[in-house]
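Geometric and topological summary
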Amino acid sequence: MLIAQKLRKENIAEYLLYMWQVEDIIRAYGCNLMQIKKEYISRFDCTDEQKEEMVDWYGNLIRMINQEGCREKGHIQINKLVLQQLSELHAQLLDSPKFPFYSTEYYKVLPFIVELRQKNSNGEAAGEIETCFNALYGTMLLRLQNKEITQNTANAVKEITTFIGMLNDYYFKEKEDPKFWD
């Protein structure tokens, strides 16, 4: 919760990846708030008041997961909304002649996006930005499991990271600068 609040203000891309991880943590505990409280939240070094806030936060996320049918897979609406906002910004940046460096970076990662979409085995068509986030999240999971990451994958992830980093920067610039599109 505390990390999510900080990331939401500072790095929307990391926030989204973190929230996907939180969804998976909740699923790993069977969407059981008492088990999360006992086995997960209790390990955090924070005040009792902060722990209770975390229990409330995880409880709300569990409720959303249950109500939105995401107990097994998928993402809750608050996370889908962030992805949608980033996807819309991506389209606007590509349509504008004002951001040639963004377009250049996009065309550098486009072959990776196409390849990743072809490898997608679940049959669900993901948008370009979601495909990038899926690649980043999948690589993060591989690293957490100490699994090998091929050099080709590492190269693709490096380019995708740069691209998503640019999108992240533009996300905050647009929010802060009322003349961003002028």
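**Points about helix 7 (residues 128–144)**
- Here helix 7 contains 17 residues, and its C-alpha end-to-end distance of 25 Å stays within 8% of the 24 Å for a straight helix at 1.5 Å per residue.
- Of all the residues in helix 7, the buried ones are Ile-129, Thr-131, Cys-132, Phe-133, Ala-135, Leu-136, Tyr-137 and Thr-139.
- Its buried side turned inward, helix 7 meets helix 2 (12–28), helix 5 (77–95), helix 6 (100–119) and helix 8 (151–176).
- Asn-146 sits one or two residues past helix 7 and shows a positive phi near 55 degrees.

**Some thoughts on the nonpolar core**
- In this structure, Ile-26, Trp-57, Tyr-58, Tyr-102, Ile-129, Phe-133 and Ile-164 are the most contacted members of the largest nonpolar core, which totals 56 residues.
- Secondary-structure elements contributing two or more residues to this core are helix 1 (2–10), helix 2, helix 4 (48–67), helix 5, helix 6, helix 7 and helix 8.
- The biggest single contributor to this core is helix 2, with 11 residues.
- Beyond its immediate stretch of four places on either side in the chain, Ile-164 contacts Ala-13, Ile-129, Cys-132, Phe-133 and Leu-136.

**Quick word on the pattern of salt bridges**
- A full pass over the atoms with the stated rule returns six salt bridges.
- A salt bridge links Glu-10 to Lys-6; the nearest nitrogen and oxygen atoms lie 3.0 Å apart. In this pair, Glu-10 and Lys-6 both sit in helix 1, four residues apart, roughly one turn of the helix.
- We note a salt bridge from Lys-108 to Glu-159, for which the minimum N-O separation is 3.6 Å. Here Glu-159 lies in helix 8 and Lys-108 lies in helix 6, a separation of 51 residues in the sequence.
- Lys-108 gets classed as partly exposed once you look at its relative accessible area, which sits at 43%.
- The class of Glu-159 is partly exposed, set by a relative accessible area of 22%.

Here is what the cut-offs are and how they apply
- Residues numbered from 1 in each chain as written.
- Predicted model: local features only at pLDDT ≥ 70, side-chain atom pairs only at ≥ 80, totals over all residues.
- Heavy atoms only, no water.
- Helix = DSSP H or I, 4+ residues; strand = E, 2+ residues; numbered from the N terminus.
- Expected span 1.5 Å × (residues − 1).
- Buried < 20%, exposed > 50% of the residue type's maximum accessible area, 1.4 Å probe, protein only.
- Contact = heavy atoms within 4.5 Å.
- Core = buried A, V, L, I, M, F, W, Y, C linked by side-chain atoms within 4.5 Å.
- Salt bridge = Lys/Arg side-chain N within 4 Å of Asp/Glu carboxyl O.

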